[in-house]
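So the chains spell out like this:
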Amino acid sequence: MKIEKIHHVAYRCKDAKETVEWYGKNLNMDFVLAIAEDHVPSTHEPDPYMHIFIDAGDGNVLAFFELPTKPEMGRDENTPEWVQHIAFRVKDRNTLIAFKEQLEANGIDVLGVTDHTLFHSIYFFDPNGHRIELACQDPEEEKYLARLNEVKWEMLEEWSKTKRAPKQAAWMHEKELTDV
């Protein structure tokens, strides 16, 4: 018995319509479905909500809840803003650059392109304050993944004991990868 795939990932939004329009305009995602009810089906709590679903490509669905009766949205202040994010894969570096240019032309601040060795990314925030990452694979990804696969358990064990970054993958952020 195994999980097949993610059915959808849900976040909260400030405004459902604004969110649908923003994802359509900036990330070319299609609006798939809306569900609105006055009671929460799982808890039966009386609480009106709008639940929207957006096509994130390849059968992946991104969903949002607008909750007008709840206190204003916030974020986990104990977690740095760079940690909690959703990452979407794009075809290649040219597509990544094209998205960066489109986002910036639409007035969105974009961080990157950041080279993570395995992949390359840009980062920005949606109108709800959720951090978004667009990533494209590096042409040498398979080679790098094989090398990381060899040390993953060793790294995890070391981290578990020391809570310090193990050095088995330090090569990923060195300027020269000649021995890879």
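Conventions we followed
- Residues numbered from 1 in each chain as written.
- Predicted model: local features only at pLDDT ≥ 70, side-chain atom pairs only at ≥ 80, totals over all residues.
- Heavy atoms only, no water.
- Helix = DSSP H or I, 4+ residues; strand = E, 2+ residues; numbered from the N terminus.
- Buried < 20%, exposed > 50% of the residue type's maximum accessible area, 1.4 Å probe, protein only.
- Contact = heavy atoms within 4.5 Å.
- Patch = residues over 30% accessible without salt bridge, like charges linked within 9 Å, V, L, I, M, F, W, Y side chains within 5 Å.
- Areas by Shrake-Rupley, 256 points an atom, 1.4 Å probe, with all protein chains shown as cover.
- Salt bridge = Lys/Arg side-chain N within 4 Å of Asp/Glu carboxyl O.
- Phe/Tyr/Trp six-rings, centres within 6.5 Å; stacked < 30°, edge-to-face > 60°.

Asks: For this particular structure, what's the right way to read the overall build of the protein chain?
Replies: A count of helices and strands for the protein chain gives 3 helices and 8 strands. When the helices and strands of the protein chain are read in sequence order from the N terminus, they spell out β-α-β-β-β-β-α-β-β-β-α. For the protein chain, the spread of C-alpha atoms along the three principal axes comes to 60 × 40 × 35 Å. Looking at the protein chain residue by residue over its 180 residues, the buried ones come to 32%. In the protein chain, 50% of the contacts between residues at least 6 apart in sequence involve partners at least 24 apart.

Asks: Would you explain a nonpolar patch on the surface in this entry?
Replies: Together, V32, L33 and I35 make up a nonpolar patch on the protein surface, roughly 230 Å² of accessible area in all. One can find I35 in strand β2 (residues 30-39).

Asks: What is the right way to look at the side chain of T19 in this model?
Replies: On the secondary structure map, T19 appears in helix α1 (residues 16-27). Among the residues examined, T19 registers a relative accessible area of 0% and is labelled buried. The residues contacting T19, other than those within four sequence positions of it, are C13, I52, I54, F64 and N128.

Asks: Teacher, can you tell me more about the packing of aromatic side chains here?
Replies: Any pair of aromatic rings gets described here by the distance separating the centres and the angle formed by the planes. Scanning all chains against the criterion turns up 6 aromatic pairs. When the ring of W22 is compared with that of F124, the centres are 6.2 Å apart and the planes differ by 40°; the resulting orientation is tilted. Taken as a pair, W22 in helix α1 and F124 in strand β7 (residues 119-125) lie far apart in primary sequence, 102 residues in all. The same class applies to W22 as to F124, namely buried. An aromatic cluster is built from Y11, W22, Y23, F64 and F124, whose rings are joined through pairwise contacts.

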